Amino acid sequence: MGQFGTLYNDIRNTNSDHTAWTAVNVQANDKIAGYGQFVLTDSSASFKGPSLDPTKVIGTPPGFNYPAVADLGNYSKLDIRWWSVEAGMKQALRNSLMMDYALTYQDYKDRYPYLFDTTGKNWGFVIRANWMF
C-alpha cells in the first residue's frame, strides 16, 4: 500500500463574494402597497493544488494518478454575476389574507463555464398568497 498524501500537499482556496440589495415599499392605502427590490451578487472561487509529486512518496496506490489529481485546481474556477429585479403590489383581502403580485427579471452570467454554460435571462410573474396568523 502506498502513501496517499502528506501534510505538505495543502490546497489553497480563494473566494470573493459580494452581495448588494435594496428595496422600496410604498403604502398606497390600508389595503394596497407597492414594492420593488434589486439584488446583485458577484462571486468567484477557486483552489490551487494539491501539488502531488509521485517521486517523493514511498508508493502509489493502485490506479491512483498523482499528476491527474494535481490538475484538479485547473477546473475549479467559479465566477458568476447574478442580478434580479422584482416589482409588485400587495393587496390585503381580509385581516389575515394578503395577496402579492409581482413581475420579476433575472440575469445570470457564468463567466467560466466548465461542464455547461449556465448563463441566462428569465422573466417571471409571481402570485403569492400569505395567510397571517
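Quick notes on the rules
- Residues numbered from 1 in each chain as written.
- Predicted model: local features only at pLDDT ≥ 70, side-chain atom pairs only at ≥ 80, totals over all residues.
- Heavy atoms only, no water.
- Helix = DSSP H or I, 4+ residues; strand = E, 2+ residues; numbered from the N terminus.
- Buried < 20%, exposed > 50% of the residue type's maximum accessible area, 1.4 Å probe, protein only.
- Contact = heavy atoms within 4.5 Å.
- pLDDT = per-residue confidence, 0-100.
- Patch = residues over 30% accessible without salt bridge, like charges linked within 9 Å, V, L, I, M, F, W, Y side chains within 5 Å.
- Areas by Shrake-Rupley, 256 points an atom, 1.4 Å probe, with all protein chains shown as cover.
- Salt bridge = Lys/Arg side-chain N within 4 Å of Asp/Glu carboxyl O.
- Pairing = 2+ DSSP bridges.
- Axes fitted to C-alpha atoms, helices over the stretch in contact; angles between N-to-C directions.
- Phe/Tyr/Trp six-rings, centres within 6.5 Å; stacked < 30°, edge-to-face > 60°.

Colleague: Before we move on, can you summarise the overall build of the chain with the specific residues and values?
Modeller: Along its length, the chain carries 1 helix and 5 strands. Expressed as lengths along the three principal axes of its C-alpha atoms, the size of the chain is roughly 75 × 30 × 20 Å. Classification of the 133 residues of the chain by burial places 23% in the buried group. Residue pairs in contact within the chain that sit at least 24 positions apart in sequence constitute 60% of those at least 6 positions apart.

Colleague: Explain the confidence of the model for the chain to me, using residue names and the numbers behind them.
Modeller: Do not read the fine detail of predicted coordinates wherever pLDDT is low. Residues of the chain with pLDDT of at least 70 account for 90%, and the chain-wide mean is 86. No element of the chain has a lower mean pLDDT than helix α1 (residues 66-70), at 73, and none a higher one than strand β4 (residues 97-110), at 97.

Colleague: Lay out a nonpolar patch on the surface with the relevant residues and their values.
Modeller: On the surface, Y75, Y114, L115 and F116 cluster together into a nonpolar patch covering about 550 Å² of accessible area. Looking at the secondary structure, you find L115 in the loop between β4 and β5 (120-131).

Colleague: How would you sum up the sheet that holds β4? Please name residues and give values.
Modeller: Spatially, 5 strands are ordered β1-β2-β3-β4-β5 in an open sheet, and the strand pairing comes out antiparallel. With partners counted over all chains shown, the strands left at the sheet margins are β1 (12-27) and β5, one partner each. If you compare each strand with its neighbour and ignore which way they point, the axes differ by 15° on average. Taken together, the 13 bridges between strand β3 (residues 78-92) and β4 define a ladder with antiparallel strand orientation. Note that in β4 the partner of I80 across the bridge is D110.

Colleague: Describe in detail the packing of aromatic side chains, supporting the description with residues and values.
Modeller: Two numbers describe a pair of aromatic rings. These are the distance of the centres and the angle of the planes. Scanning the model with the defined rule gives 4 aromatic pairs in all. A ring pair is formed by Y105 and W123, whose centres lie 4.7 Å apart and whose planes are at 50°; its orientation type is tilted. Of the two residues, Y105 sits in strand β4 while W123 sits in strand β5, which places them 18 residues apart along the sequence. On the basis of relative accessible area, Y105 is assigned to the buried category, the value being 15%.

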